Amino acid sequence: MKAFTALVHREFIEHRGAFLTGPLIMLGILFGITILAFTVGRVDVHMSGALLTIVPLIIYEIGFFGLGFAWSLYLGVTLFFYCADGFSADKRNNSMLFWKSMPVTDFKVLLSKMTAALTILPGMVFAIALLSGVLLFGVAFVVMSINGTASVGALGAIVGIYGNVALTLFTALIVALLWYLPIMALVGAIAAAIGRWAIPIALLLPTLVSTLEWVTLGGLHPFATNTWDFLQYRLALPTTAYADNWFVNVEQADSIGFDIARFDGVAAASDLFANLDWTQIGIGIVFAVAVIYVASEYRRRVNDN
């Protein structure tokens, strides 16, 4: 167990630049831009009436969601390149013989990389996303202070918004990692066999498989096959009807009354889990373990020879 923990910790050390240092730098730049926008008057904080108390809360709510979505896009791209690069790093830095000398199997080595991709690495980016919300929290409260509406009640409202949005982002992260696990494992398995060339191959593989079905079984074109329909389904992130309806209500809100209910993170999380295709999740987990095992056996046999 200690050896496996050390392997996961190694992944953190080797990739903290992409998952920790880089996001922290971007967060600092983003916070500086936000402060500058208020300093030079690019953002008008002079409001009255209903706008005085409601708008800052809505801006914070939508802004935190926007930051969370932006960080999720960054995490998705970074994890893809991590799986395509990290699973072949041992060959590239000539440390294969060292890790082969450790009392762990190739399967455990690859499994540690996938464990890092599901836990500590996305956890760091999620922590940055939460820190983004805290900084936005400060900006929102300063804006309300300038408007003269900062109070204990307003502070409590912002804290409530932060908790609900954070819960929704955490739930979406867990669901996304489970949903895309087979894709991450497949990219990592390809990388373990052929190295960095896994990146273009992983991008082209769905098209090649769909084209093969079109050639052998027929159809209008390579993008009108059962394979392509399934890939579109598996690549689309599961959504929650509650969140979709809430955002529609925000867009259609009356600009005078702003009669919008606060976002309920528990309702969104419950709706997301209730409508998740758990059968596909289970199949994906089995598939991920299988392809990692096959890749470990290939890695063991090739390196032994």
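What counts and what doesn't
Residues numbered from 1 in each chain as written. Predicted model: local features only at pLDDT ≥ 70, side-chain atom pairs only at ≥ 80, totals over all residues. Heavy atoms only, no water. pLDDT = per-residue confidence, 0-100. Helix = DSSP H or I, 4+ residues; strand = E, 2+ residues; numbered from the N terminus. Contact = heavy atoms within 4.5 Å. Core = buried A, V, L, I, M, F, W, Y, C linked by side-chain atoms within 4.5 Å. Buried < 20%, exposed > 50% of the residue type's maximum accessible area, 1.4 Å probe, protein only. Polar contact = N/O pair within 3.5 Å; in protein donor to acceptor, adjacent residues only side chain to side chain. Phe/Tyr/Trp six-rings, centres within 6.5 Å; stacked < 30°, edge-to-face > 60°. Lys NZ or Arg CZ within 6 Å of the ring centre and 35° of its normal. Patch = residues over 30% accessible without salt bridge, like charges linked within 9 Å, V, L, I, M, F, W, Y side chains within 5 Å. Areas by Shrake-Rupley, 256 points an atom, 1.4 Å probe, with all protein chains shown as cover. Salt bridge = Lys/Arg side-chain N within 4 Å of Asp/Glu carboxyl O.

Turning next to the confidence of the model for the protein. On average, residues of the protein carry a pLDDT of 81, and 79% of them reach 70 or more. Mean pLDDT values for the elements of the protein range from 54 in helix α4 (residues 96-100) up to 91 in helix α8 (residues 181-194). Throughout residues 45-53 the model reports pLDDT below 50, and contacts reaching past four residues in sequence, or to other chains, amount to 18 contacts.

Phe 19, Tyr 60, Leu 79, Tyr 82, Phe 87 and Met 114 are the most contacted members of the largest nonpolar core, which has 53 residues in total. If one sorts the elements of this core by residue count, helix α2 (residues 50-86) sits on top with 11 residues. Once residues within four sequence positions are removed from consideration, Tyr 82 is found in contact with Glu 11, His 15, Phe 19, Phe 87, Lys 113, Ala 116, Ala 117 and Leu 121. Judged by nonpolar contacts, the second largest core, of 5 residues, contains Val 175, Leu 272, Leu 276 and Ile 281.

This paragraph deals with the side chain of Glu 11. Along the chain, the position of Glu 11 falls in helix α1 (residues 2-39). Take Glu 11: its relative accessible area is 0%, and that puts it in the buried class. Within the structure, the side chain of Glu 11 is placed 3.1 Å from the side chain of Lys 113, a separation counted as a polar contact. Setting aside residues no more than four positions away along its own chain, Glu 11 makes contact with Tyr 82, Ser 112, Lys 113, Ala 116 and Leu 121.

We now examine the packing of aromatic side chains. The full count for this structure, using the stated rule, is 12 aromatic pairs. Pairing Phe 64 with Tyr 162 gives two aromatic rings, centres 5.1 Å apart and planes at 20°, and the pair type is stacked. A residue pair is termed long-range when its members are at least 10 positions apart, and Phe 64 in helix α2 and Tyr 162 in helix α7 (residues 152-179) qualify at 98 residues. Ring centres 5.8 Å apart and planes at 70° place the aromatic pair Phe 107 and Tyr 293 in the edge-to-face group. Of this pair, Phe 107 sits in helix α5 (residues 106-118) while Tyr 293 sits in helix α13 (residues 278-304), and the two are 186 residues apart along the sequence. Residue Phe 107 is classed as partly exposed on the basis of its relative accessible area, which comes to 24%. Among the aromatic residues, those joined into a cluster by ring pairs are Phe 19, Tyr 82 and Phe 87. The ring of Trp 179 carries the charged tip of Arg 234 above its face, separated from the ring centre by 4.1 Å.

Time to look at the side chain of His 15. By secondary structure assignment, the location of His 15 is in helix α1. You can call His 15 buried: its relative accessible area is 13%. The contact partners of His 15, leaving out residues within four places of it in the chain, are Tyr 82 and Gly 86.

Turning next to a nonpolar patch on the surface. A contiguous nonpolar surface patch, about 220 Å² in accessible area, is contributed by Leu 24, Leu 131 and Val 134. Relative to the helices and strands, Leu 131 resides in helix α6 (residues 120-147). Judged by its relative accessible area of 35%, Leu 131 falls in the partly exposed class.

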